[in-house]
Amino acid sequence: MPDPLEPFDPTSSRRRFLQVGAAGAFLCTIGGETVSVAKRGDAAKADAAAAKVARPPSLVGRAAATKPAAGTGAKVEPTEQQTYVTPSPQPGGNRVEYWIQAVETKWTIVPSKRDDWHDVKIPGTSTFTATVYQQMTEGFAAALGPAAIPGPTLHAEVGDVIVVHFRNAFKKLDQAVTMHPHGVKYNPEYDGVYLGQYTRAGGFIEPGEEFTYTWECVPESVGAWPYHDHGPNHTLNTFRGMFGSLVVREKGALVPAVEQSLFLHQLQPPVTGLKRSYQCINGRAYAGNTPIVRARVGQEVALHVFGMDNNFHDFHIHGHRWKDSAGAFVDTPSVGPNETTTVHFVEDNPGRWLYHCHVFSHQDAGMAGWYLVE
Amino acid sequence: MPDPLEPFDPTSSRRRFLQVGAAGAFLCTIGGETVSVAKRGDAAKADAAAAKVARPPSLVGRAAATKPAAGTGAKVEPTEQQTYVTPSPQPGGNRVEYWIQAVETKWTIVPSKRDDWHDVKIPGTSTFTATVYQQMTEGFAAALGPAAIPGPTLHAEVGDVIVVHFRNAFKKLDQAVTMHPHGVKYNPEYDGVYLGQYTRAGGFIEPGEEFTYTWECVPESVGAWPYHDHGPNHTLNTFRGMFGSLVVREKGALVPAVEQSLFLHQLQPPVTGLKRSYQCINGRAYAGNTPIVRARVGQEVALHVFGMDNNFHDFHIHGHRWKDSAGAFVDTPSVGPNETTTVHFVEDNPGRWLYHCHVFSHQDAGMAGWYLVE
Amino acid sequence: MPDPLEPFDPTSSRRRFLQVGAAGAFLCTIGGETVSVAKRGDAAKADAAAAKVARPPSLVGRAAATKPAAGTGAKVEPTEQQTYVTPSPQPGGNRVEYWIQAVETKWTIVPSKRDDWHDVKIPGTSTFTATVYQQMTEGFAAALGPAAIPGPTLHAEVGDVIVVHFRNAFKKLDQAVTMHPHGVKYNPEYDGVYLGQYTRAGGFIEPGEEFTYTWECVPESVGAWPYHDHGPNHTLNTFRGMFGSLVVREKGALVPAVEQSLFLHQLQPPVTGLKRSYQCINGRAYAGNTPIVRARVGQEVALHVFGMDNNFHDFHIHGHRWKDSAGAFVDTPSVGPNETTTVHFVEDNPGRWLYHCHVFSHQDAGMAGWYLVE
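Residues numbered from 1 in each chain as written. Chains lettered and ligands numbered in written order. Predicted model: local features only at pLDDT ≥ 70, side-chain atom pairs only at ≥ 80, totals over all residues.

Engineer: How should I be thinking about the overall build of chain A in this particular structure?
Structural biologist: Helices and strands together make up the secondary structure of chain A, namely six helices and 23 strands. Across the 374 residues that make up chain A, the buried fraction comes to 62%. Within chain A, contacts between residues at least 6 apart in sequence are counted, and of these 69% link residues at least 24 apart. (Helix = DSSP H or I, 4+ residues; strand = E, 2+ residues; numbered from the N terminus. Buried ≥ 20, exposed ≤ 12 C-beta atoms within 10 Å, placed from the backbone. Contact = placed C-beta atoms within 7 Å.)

Structure representation (structure tokens):
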């Protein structure tokens, strides 16, 4: 029998790590084109393709939706003829309103240029142009929150409707974007997804346009969920920062004293144009830059952890363990793309604790942070 | 400190995506050889190796199993001397019989040559030679189902035995295959696994041969499970289509109005000989080609989702959320290779909905489909 | 529209499998350096970097911890001024003591040079220098267990404290190591983690030094958990064998008749210096080398399965299915890095059974073994 396995290639280099370990390449199907985003500069190609995506005919008028555009292979289904009404709160429920805009913003992944865990400098520039959700005051009068990764955390209770007045405030990027939520109930108008010629109203919001989404908090919505862009260029936009979270509680439920949403995701060269990949939490890499979570003994702590890239992760906090939804005790639960795992305990263990993804190659490329308990 | 991270390689190309993103390479240990299936054409090498695998001596007669072939390092264990009886149904249970054959078939991954989600053409040929399980009428008299990916869904209740009359009807591929089920109980004769010299009767069915598997539906079998080839060339055969599902219910349990098995898997060049990778659901890629699932408001819906490649996936349906087995509300649960996650709800939300793997690079390479609710 | 997808590269070779499939490359941040471990020989660079890591100032004396070293960017937090007392057992609980040392050892991945599943030779040398935890008698007087992968399994009950007298007995490697446990409760002194200038006593044990860890078994510690190195070079040390498990039971709970810890992990060229990658269970690859688990009908069986590399796995045993922590019946549950899934059933099915990771490319590169039931 011949040796079935050739020698390991001794010429593989650090470069391999950034490419293989980072799994940076991905495809974007954008309107009529499929664009491979695999190297620095490819994001511009995806953006150019997105700028050419035409407003779907279904958005011109309801009648159009019942007849596919000439020359396309689309089949008319009864679903295209269905119309929907905007939902209202349940008796006793509220209309919880937010004003949120999509904006481009300069974003720095390692502002301290340091890894505070290992007390080591992180050289090089880590600033790129992110696309994010920014919370505004009523009527978009002024900024209410930062233009930051992640977007604002939306809060509501069962029986409420979440009403998001959304504006595409992109200045340079000429492309439609949306808000697509998980967990809540919505009809197709408020799905916030581009579906080609089947696109409904909320699925294609062009620069300068506004749209109001109305989402129902049903009993099955209890929990923490992500939202993200689902427009024609959504993979790229999501990867460069267009995501956030929403938390739905039982009516009257108490809010934990410490509550934090933590998104695990990479920022890689094809997306950022930077020279290296970073394994991030909330757009930041390395302890001291990622969120510093603080709690005191006796406080109820809830950390909502989301995957927000192509990878699977698992989340560990030193010194702690908790019950998962099945009632088992865990300290390193897995979480996939757009999945949520919630860490939930009453704090009983003071100290400086490390939290990190337990995929070693993620942890070692920045996916770690501090949890400080007094 | 030197810059620890070299620049990202600007020469990486689209080609990288297909290779790295698709993770196409895998090893097959086939009889006396280990074959690397990493590029187009390698499947033929694996098939050639499989054709040389000799009938295991243990199959010649029971006595042989107690004495390893001369010159091998195998140790005789009491397990090799154990004999087994074919199980019968429990009182009140049934013998549920199927006739299934393994066949090669031409299979087209994108029959419409279109992605109906993005209204975009998918150019190029997507036809290759798949290996599949086909349902036949009693005695293999005629085809009862198509030669298709996936194979037939088998249904039974607790207390039944599932009896599969299996035939290897390969014409060109000269190799043994099997059926290995998950979830049900079986003794080693019906395990359907090639184990070298420890192979039992059901683990090596050569072209032209038949074998009858008998599997028990015990109380712990309730659920949906995959089955797949586990013969000497099983990784390659499974990857090119030899898989299906079986569903075991409690005695007398109602069948959901809408029930569908969805396999998430890639079809990559080393397996298909095609020029590119596809991220598939049930052997098809891109909305309009993948299963169009239909339901009406008020119907009970059960979608059994299986991983069937080397990757981990997570499954999202727009507009819906449901209780997982732990009682938590989810809308994007993870699923690993040969694991099952079942989406289960009563339909309450009409519309055209997208379902997809939420690994962005899978979704964007075809792992998406339509769910239409009136 | 241009063809968006270039042809699959026909020059990709077996070498690709070892690199891509094995995902061998990873980064180590070691003291003031970030070292890429991506090819054979890189481990030596990581070890050289680790040898230069200075004893953290916080370890010199408690006062020092309240004042960061001059010139660093570290912020003094109240957490640095907190002091901790060594915990005692709960009333009725015990002090369960272990003596464990870290040692280098020659380790052979495929001692039989055979895959007993496929009855095939596995050519080439598979011996490398591992770093492992070895159990010793009281006072480190003599070896109590082998220097092996994995380290000893520690057993305790709720209310106990586990006391580990730990010694760094490295001879050639000049670097600090630790023991970091999952699942149990500990204060920061016993976290066993290097945290740069925030390092507490148990986080930096140099060659020749000893340290005694004290860990509490609280009610939420019930289950099986991994422990591993978390010193300055912990990713490399963990990858080359510094891990083991601990099992905490309810007070007075019976020990299953068959109980085994199974670690799923790869050993790849950058770590071992060998020519190929192996997908391992407990440091061994291919059936006949991996643990042979034995049970008899009627016995209670518990297999604790841990991920211990950068990959996600899922664990299948032929002929069996069991209840997961959510009460669902499974036979192939997923497990991520440092996560645990426990297989738990009463044996009722005699035979020679295969167990394996169901990621096909892992199973086919050695991650499989025998489970023999009489």
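Engineer: Could you clarify how one ought to interpret the nonpolar core in this entry?
Structural biologist: For soluble globular proteins, the rule of thumb is that nonpolar side chains tend to be buried together. Formed by 297 residues in total, the largest nonpolar core has its most connected members in A:I162, A:L264, B:I162, B:L264, C:I162 and C:L264. Ignoring any residue separated from it by four or fewer positions in sequence, one finds C:L264 in contact with C:I281, C:V305, C:F306, C:G307, C:M308, C:H313, C:V335, C:C357 and C:M367. (Core = buried A, V, L, I, M, F, W, Y, C linked by C-beta atoms within 7 Å.)

Engineer: I would appreciate a short explanation of the confidence of the model for chain A in the present structure.
Structural biologist: Where the model shows low pLDDT, its predicted coordinates should not be examined in detail. All names here are of chain A. Within chain A, residue pLDDT values average 90, and 89% of them lie at 70 or more. Across residues 1-23, where pLDDT falls below 50, the model places 65 contacts with residues more than four positions away in sequence or in other chains. Note on residues 60-71: pLDDT is under 50 here. Beyond four places in sequence and across chains, it has 14 contacts. As a predicted assembly, this complex carries a pTM of 0.93 together with an ipTM value of 0.92. (pLDDT = per-residue confidence, 0-100.)

Engineer: Would you mind showing me how to read the environment of C:E300 here?
Structural biologist: Residue and element names in this part refer to chain C. With respect to the helices and strands, E300 occurs in strand β16 (residues 300-307). With 42 residues separating them in the primary sequence, E300 and V258 have C-alpha atoms 6.3 Å apart. Not counting residues within four places of it along the chain, the set of residues in contact with E300 comprises P256, A257 and V346.

Engineer: What is the right way to look at the environment of A:A169 in this model?
Structural biologist: All names here are of chain A. Its place among the elements puts A169 in the loop between β8 (161-168) and β9 (180-181). When the C-alpha positions of A169 and F306 are compared, they lie 26 Å apart, and in sequence the two are 137 residues distant. What A169 contacts, discounting residues up to four positions off in sequence, is Q101, A102 and V103.

Engineer: What am I meant to see in the sheet that holds strand β21 (residues 340-346) of chain B here?
Structural biologist: Strands in a sheet are paired, the pairing made by backbone hydrogen bonds, and the direction either parallel or antiparallel. Residue and element names in this part refer to chain B. Ordered in space as β14-β13-β16-β21, the four strands form an open sheet in which the pairing is mixed. Two strands in the sheet have a free side with no partner beyond their single neighbour: β14 (278-281) and β21. The sheet shows a mean angle of 20° between the axes of neighbouring strands, taken without regard to direction. Judged from the seven bridges that link them, strand β16 (residues 300-307) and β21 form a sheet pairing that is antiparallel. Considered in β21, the bridge of A302 is made with H344. (Pairing = 2+ DSSP bridges. Axes fitted to C-alpha atoms, helices over the stretch in contact; angles between N-to-C directions.)

Engineer: Before we go on, may I ask you to explain helix α2 (residues 42-51) of chain A in this structure?
Structural biologist: Structural remark: α-helix, 3.6 residues per turn; residues separated by three or four positions point the same way. Burial in α2(A) covers these residues: A:D42, A:A43, A:A46, A:D47, A:A49 and A:A50. One side of α2(A) holds all its buried residues, which, seen down the axis, span an arc of 160°. (Arc of directions from axis to C-beta.)

Engineer: Looking at this structure, how should I read the sheet that holds β16(C)?
Structural biologist: All names here are of chain C. The strand order across the open sheet formed by four strands is β14-β13-β16-β21, and the pairing between neighbours is mixed. Whereas interior strands pair on both sides, the edge strands pair on one side only; in this sheet they are β14 (278-281) and β21 (340-346). When strand polarity is set aside, the average angle formed by the axes of neighbouring strands in this sheet is 20°. Strand direction decides the pairing type here: strand β13 (residues 258-267) and β16, joined by seven bridges, are parallel. Counterpart to V258 in the pairing with β16 is V301.

Engineer: It is not clear to me how unusual backbone geometry should be interpreted in this structure. Could you clarify?
Structural biologist: Note: most residues except glycine have negative phi, and most peptide bonds are trans. B:P150 follows B:I149 through a cis peptide bond whose omega is -5°. By secondary structure assignment, the location of B:P150 is in the loop between β6 (127-136) and β7 (154-157). You will see that A:N282, though not glycine, has its phi angle at about 55°, which is positive. Turning to its location among the elements, A:N282 is positioned in the loop between β14 (278-281) and β15 (293-295). Residue classification places A:N282 among the buried positions, given that 22 C-beta atoms sit within 10 Å. The residue B:D119 is not glycine, and still its phi comes out positive at about 55°. By the secondary structure assignment, B:D119 is in the loop between β4 (114-115) and β5 (120-121). Residue class for B:D119 comes out buried when judged on the 24 C-beta atoms lying within 10 Å of it.

Engineer: Please clarify how the pairing of strand β1 (residues 26-30) of chain C should be interpreted in this entry.
Structural biologist: On a regular strand, each side chain points to the face opposite its neighbour's, so the side chains alternate between the two faces of the sheet. Residue and element names in this part refer to chain C. Burial within β1 is extensive, with five of its five residues counted as buried. Along β1, one buried face is formed by F26, C28 and I30 and the opposite face, lined by L27 and T29, is buried too. Relative to strand β2 (residues 33-37), β1 runs antiparallel, the two being bridged by five bridges. Counterpart to C28 in the pairing with β2 is V35. Taking the residues between adjacent antiparallel strands as the criterion, β1 and β2 are bridged by two residues, where G31 takes a positive phi near 55°.

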